[in-house]
There are 2 protein chains.
Amino acid sequence: MVTPMSPSPTPPSRTGRPRSVEAHAAILDATRAALVELGWSKLTMGDVASRAGVAKTTLYRRWANRSELVVDAVAVLFDELRLPDRGSLMADVEGVVLQFAALLDRPETKTALMAVVAESTRDEALRERIRSAIVDRQKRLVLVGRERAQARGELPYEDDPAQAARNVDMIFDVIAGAVVHRALVSAEPVDTRWARNFSLLLVSGLTAGPGAPRASSGPA
Amino acid sequence: MVTPMSPSPTPPSRTGRPRSVEAHAAILDATRAALVELGWSKLTMGDVASRAGVAKTTLYRRWANRSELVVDAVAVLFDELRLPDRGSLMADVEGVVLQFAALLDRPETKTALMAVVAESTRDEALRERIRSAIVDRQKRLVLVGRERAQARGELPYEDDPAQAARNVDMIFDVIAGAVVHRALVSAEPVDTRWARNFSLLLVSGLTAGPGAPRASSGPA
DNA sequence: GAGTTACGCTACGACCTGTAGCGAAAGAGC
DNA sequence: GCTCTTTCGCTACAGGTCGTAGCGTAACTC
């Protein structure tokens with residue numbers, strides 16, 4: 001059979017020699033190490049293989065190409081993001097902005113994230129992998145923060161669920177997009193002052209903006 | 001001498017055979033065509049050279065590598081962005097968002113922009129080229145829109161020039177970042193509804209947000 | 001034990017990068 | 001016109017990567 005790809009989700013076979021989980025972890029570790037040392041453009045499959053102590057062919061049995069491998073290697077780093085309750089929507093936003101900025105400051109993510117996104121514009125499978133491994137996983141932070149703000153009475157409850165989903169998506173794009181653009185495109189630091197100004201702008205827009213003219217509708 | 005690079009700004013020599021401007025244009029055209037057909041990752045210098053009808057060595061005499069060439073080839077597309085006066089800050093923002101989205105929808109920019117940004121995280125010269133060729137050139141739109149809004153009385157005049165510059169930079173990152181993230185990372189369409197909702201969010205935040213509690217300070 | 005699958009290894013063709021060296025072409029200055 | 005300087009197209013090249021194929025062996029299931 002020729003059923004490679006998709007390392008984690010449900011190994012497609014039950015019989016035969018199972019794929020080594022140690023090798024899996026070693027490969028992802030080696031990929032991150034190679035990203036730190038070499039960056040995206042100079043990372044090669046052969047180098048990752050020898051770092052991980054496996055054969056190059058093993059990499060190709062599990063991942064279709066560099067990009068998919070790197071997505072998996074970097075995705076776990078995004079799961080470190082947390083959203084502790086800081087008491088207000090404004091503080092919650094500021095907190096997650098600074099966390100995200102710290103994540104983007106790491107050399108692995110800095111060099112890899114934009115590269116795989118660029119690649120995904122011509123690769124539907126990769127786009128889907130990025131969405132499931134990174135994008136969708138992080139949207140939960142927006143959902144949690146929004147629900148908290150609603151419970152506090154800072155944000156109104158949304159009647160139309162479709163509109164609510166659109167709002168969540170948009171807020172996610174605004175936060176992640178602004179931080180990424182500041183950090184990688186403008187190449188300026190996302191420091192405390194920037195995070196505070198941005199959070200003020202966003203929260204002001206949210207509380208005075210879409211669907212908010214009927215301001216404090218209060219909890220439930 | 002070995003003074004290649006930087007094709008446009010001040011040819012470093014006065015004597016000798018001048019660089020062909022036709023070749024320059026042909027190369028940039030060929031680069032964009034190759035981006036459309038092949039995308040960033042499969043674009044090769046040899047292919048661009050043969051499309052442009054020049055020798056591969058000519059490319060390397062003018063650009064240090066693929067990335068710098070692609071930045072120059074794509075940068076001119078960003079100069080198409082305009083900011084016609086639509087009568088209100090909200091409408092101006094919405095207009096530029098839709099223009100920027102249309103630009104990012106073109107295959108050349110879609111595949112190239114994130115790729116060169118990714119590359120620039122490990123290449124100081126490239127970062128500077130992106131900044132001067134794309135980023136700084138587009139910030140003017142924010143400046144113009146802001147001045148117009150101030151003249152209309154929609155936004156207050158800023159006392160502190162440093163703070164004003166920070167605000168302009170932040171608004172730029174928010175707009176460009178949100179659109180890029182929506183279009184390329186989330187891979188969802190930037191349609192009229194999204195543009196309207198986003199503009200509403202941003203303008204609400206700007207008029208109710210940073211330095212705006214002292215609301216309508218009026219012109220002059 | 002039989003069957004199945006993953007593994008490490010080697011080898012390979014195809015391709016791309018970036019440079020070197022050549023003679024010829026296209027200008028500037030005299 | 002002549003000389004000097006730089007760019008041009010061309011060919012060739014070393015070095016490196018990709019992704020695959022084929023082999024014998026290892027690991028696990030039934």
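Residues numbered from 1 in each chain as written. Chains lettered and ligands numbered in written order. Predicted model: local features only at pLDDT ≥ 70, side-chain atom pairs only at ≥ 80, totals over all residues. Heavy atoms only, no water.

Some details on the protein's contact with DNA strand D
What counts is decided by this rule: Throughout this document, a residue counts as near a molecule or strand when at least one of its heavy atoms sits within 4 Å of that molecule or strand. For the purposes of these results, a polar contact is taken to be a pair of N or O atoms within 3.5 Å, where, inside protein, one atom must be able to donate a hydrogen and its partner to accept one; residues adjacent in sequence count only when each atom of the pair is a side-chain atom. Strands are runs of DSSP state E lasting at least 2 residues, helices are runs of H or I lasting at least 4, and numbering of each runs from the N terminus. Note on residue categories: nonpolar means Ala, Val, Leu, Ile, Met, Phe, Trp, Tyr, Cys or Pro, charged means Asp, Glu, Lys or Arg, and polar means any other residue, Gly included.
Every one of the 23 residues lining DNA strand D counts as a neighbour, but A:Tyr60, B:Gly16, B:Arg17, B:Thr58 and B:Arg62 are closest to it. The protein-proximal atoms of DNA strand D, defined as those within 4 Å of the protein, are 64% sugar or phosphate. A distance of 3.2 Å is found between a base nitrogen of DNA strand D and a side-chain nitrogen or oxygen belonging to A:Arg17. The side chain of B:Thr57 places a nitrogen or oxygen atom 3.0 Å from a base nitrogen of DNA strand D. Mapped onto the surface near DNA strand D, the elements with two or more residues apiece are helix H2 (45-52) and helix H3 (56-62) of chain A together with helix H3 (56-62) of chain B. Tallying contributions element by element places H3(B) first for the surface near DNA strand D, with four residues. Grouping the amino acids of the surface near DNA strand D by side-chain chemistry returns five nonpolar, eleven polar and seven charged.

A word on the protein's contact with DNA strand C
Near DNA strand C, the surroundings consist of 25 residues, among which A:Gly16, A:Arg17, A:Thr58, A:Arg62 and B:Lys56 are the closest. Across the atoms of DNA strand C situated within 4 Å of the protein, the share located in sugar and phosphate is 60%. Here A:Ser20 contributes a backbone N or O atom positioned 3.2 Å from a phosphate oxygen of DNA strand C. With respect to DNA strand C, the side chain of B:Arg17 contributes an N or O atom lying 3.1 Å from a base nitrogen. Broken down by secondary-structure element, the contributors of at least two residues to the surface near DNA strand C are H3 of chain A together with helix H2 (45-52) and H3 of chain B. In terms of residue count, H3(A) provides more of the surface near DNA strand C than any other element does, four residues in total. Of the residues in the surface near DNA strand C, the class split is six nonpolar, eleven polar and eight charged.

Description of helix H7 (residues 124-152) of chain B
Residue and element names in this part refer to chain B. For the record, the criterion: A helix is expected to reach a length of 1.5 Å times the quantity of its residues less one. Across the chain, bend at a residue is computed as the angle between axes fitted to the seven residues ending at that point and the seven starting from it.
Given a rise of 1.5 Å per residue, 29 residues ought to cover 42 Å, and the 40 Å separating the end C-alpha atoms of H7 matches this to within 8%. Maximal helix bending in H7 amounts to about 40°, located at Arg-131. The backbone nitrogen of Ala-125 has a side-chain oxygen 3.1 Å away, supplied by the residue at the start of H7, namely Asp-123.

Some points on unusual backbone geometry
Residues and elements named next belong to chain A. Going by this rule: Buried, partly exposed and exposed residues are distinguished by accessible area as a fraction of the type maximum, computed with a 1.4 Å probe on protein chains only: under 20%, between the cut-offs, and over 50%, respectively.
At Ala-187, a position not held by glycine, the phi torsion is positive, near 60°. Looking at the secondary structure, you find Ala-187 in the loop between helix H8 (161-185) and helix H9 (192-208). According to the relative accessible area criterion, Ala-187 is partly exposed, its value standing at 27%.

Re the interface of chain B and chain A
The test is simple: When checking whether two residues touch, look at their non-hydrogen atoms; a contact exists if any pair is within 4.5 Å. Defined in terms of a 1.4 Å probe, buried area is the accessible area two parts forfeit on being brought together, summed over both. The working definition used for a salt bridge is a side-chain nitrogen of Lys or Arg within 4 Å of a carboxyl oxygen of Asp or Glu.
Listed by partner, the interface residues are 50 residues for chain B and 50 residues for chain A. Of the roughly 4100 Å² buried between chain B and chain A, counting both surfaces, carbon and sulfur atoms make up 63%. Remark: the boundary between chain B and chain A carries two salt bridges. For the side of chain B that touches chain A, the secondary-structure elements that each account for two or more residues are helix H1 (21-38), helix H6 (107-120), H7, helix H8 (161-185) and helix H9 (192-208) of chain B. The element best represented in the side of chain B that touches chain A is H8(B), accounting for 14 residues. Here the side of chain B that touches chain A is built from residues that sort into 25 nonpolar, 13 polar and twelve charged.

So, the packing of helix H4 (residues 66-78) of chain B against H6(B)
Residues and elements named next belong to chain B. Quick reminder of the rule: Lines fitted to C-alpha atoms define the axes here, with helix axes fitted over just the stretch in contact, and angles between the N-to-C directions of these axes take values from 0 to 180 degrees. Each angle gets one of four labels, with under 35 degrees taken as roughly parallel, over 145 as roughly antiparallel, 65 to 115 as roughly perpendicular, and the rest as oblique. It is the rotation of the near helix from the far one that decides the hand of a crossing: anticlockwise by less than a right angle makes it left-handed, clockwise makes it right-handed.
Relative orientation of the contacting elements H4 and H6 amounts to 130°, with a least axis distance of 10 Å. Comparing their axes, H6 and H4 come out oblique. The hand of the H4/H6 crossing is left-handed. Where H4 abuts H6, its residues Ser-67, Val-70, Val-71, Val-74, Leu-77 and Phe-78 lie against Glu-108, Thr-109, Ala-112, Leu-113, Val-116 and Glu-119. Classifying every residue of the contact of H4 with H6 by side-chain character gives eight nonpolar, two polar and two charged.

Thoughts on the confidence of the model for chain A
Residue and element names in this part refer to chain A. Inclusion rule: Note: pLDDT gives the predictor's confidence per residue, expressed from 0 to 100.
Per-residue confidence for chain A gives a mean pLDDT of 91, with 89% of residues at or over 70. pLDDT under 50 marks residues 6-10. Its contacts with residues more than four places away, or in other chains, come to nine contacts. Between residues 212-220, whose pLDDT stays under 50, and residues either more than four places distant or in other chains, the model counts 15 contacts.

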